[in-house]
Amino acid sequence: MTTSFVLLSDTHLPKRAKDLPAGLWADIDAADLVVHAGDWVDLATLDAVQARSARFEGVRGNNDGPEFDDRLPLEARFAVEDLRVALVHETGAATGRERRMTAAYPDVDVLVFGHSHIPWDTVAPSGLRLLNPGSPTDRRRQPDHTWMRGAVDGRDLSVELVRLPPTTR
C-alpha cells in the first residue's frame, strides 16, 4: 500500500496570509497523511487542517501561544508504513544539522522540521533524511511559497517540493 502525504510548516495565519493557498488545500484534501511542523499562530488553522485531514500529525512552534499547549506536543514520533518519523519545529543552525540530528534521533528514518522557512531535503551520512517544507505563506528570503508532497511505499520515500510564486497567490 502507498501512503500519500503533505508536509507543511510555518503557516503563520492570519498574520502572513488570510488563508492557505488553494493548491495546498487541494493537496491536504487528497492526502492520506498531513504533517505540520509548527508555527500555526492561530487555532482556527489547526482546526481547519485537522478537519480536512484523513490522518494528521503536528507539533507546535515557537510562535504558537499557550493555547496550543494542550493541543500539540513539541515533538511527535510516528510511523508511516515502514518508516520511523520524528517531527519537531526547530533544529538549530544549518551548519552541523545532519550530525546533531543524527545524534538526537538515532532511531528515526525521517526528521521533519520547520522554523527557518527555507526548504531543506538532505540525507545525513547515517541515512537520516531531513525534510523542511518551507512556508506556504511567508517565504522570507525564498523566491517562492513552498510545501512538500509525496508518497511512502514500505520504506521507499518520494518527496516533491511544491513551489508557488508569490504573484499567483
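Our subject is the structure listed above.
Residues numbered from 1 in each chain as written. Predicted model: local features only at pLDDT ≥ 70, side-chain atom pairs only at ≥ 80, totals over all residues. Heavy atoms only, no water.

Chemist: Please explain the sheet that holds strand β7 (residues 120-123) as it appears in this structure.
Modeler: Sheets are built from strands paired through backbone hydrogen bonds, the pairs being either parallel or antiparallel. Strand order in the open sheet made by the five strands is β4-β5-β6-β8-β7, with mixed pairing throughout. Of all the strands in the sheet, the pair left with one neighbour each is β4 (75-80) and β7. Between one strand axis and the next, the sheet turns through 15° on average, direction left out of account. Looking at chain direction, β4 and strand β5 (residues 83-88) are connected through six bridges and run antiparallel. Bridge pairing in β5 places alanine 79 opposite arginine 84. (Pairing = 2+ DSSP bridges. Helix = DSSP H or I, 4+ residues; strand = E, 2+ residues; numbered from the N terminus. Axes fitted to C-alpha atoms, helices over the stretch in contact; angles between N-to-C directions.)

Chemist: Which parts of the structure should I look at to understand helix α1 (residues 22-30)?
Modeler: Given 3.6 residues per helical turn, the α-helix brings residues three or four places apart onto the same face. All of the buried residues in α1 are Leu24, Trp25, Asp27 and Ile28. An end-on view of α1 places all buried positions within 160° of arc, on one side of the element. In α1, the exposed positions angled more than 90 degrees off the buried face are occupied by Ala22 and Ala30. The inward-facing, buried residues of α1 contact β1 (2-8), β2 (33-36), α2 (43-52), β9 (145-153) and β10 (156-164). (Buried < 20%, exposed > 50% of the residue type's maximum accessible area, 1.4 Å probe, protein only. Arc of directions from axis to C-beta. Contact = heavy atoms within 4.5 Å.)

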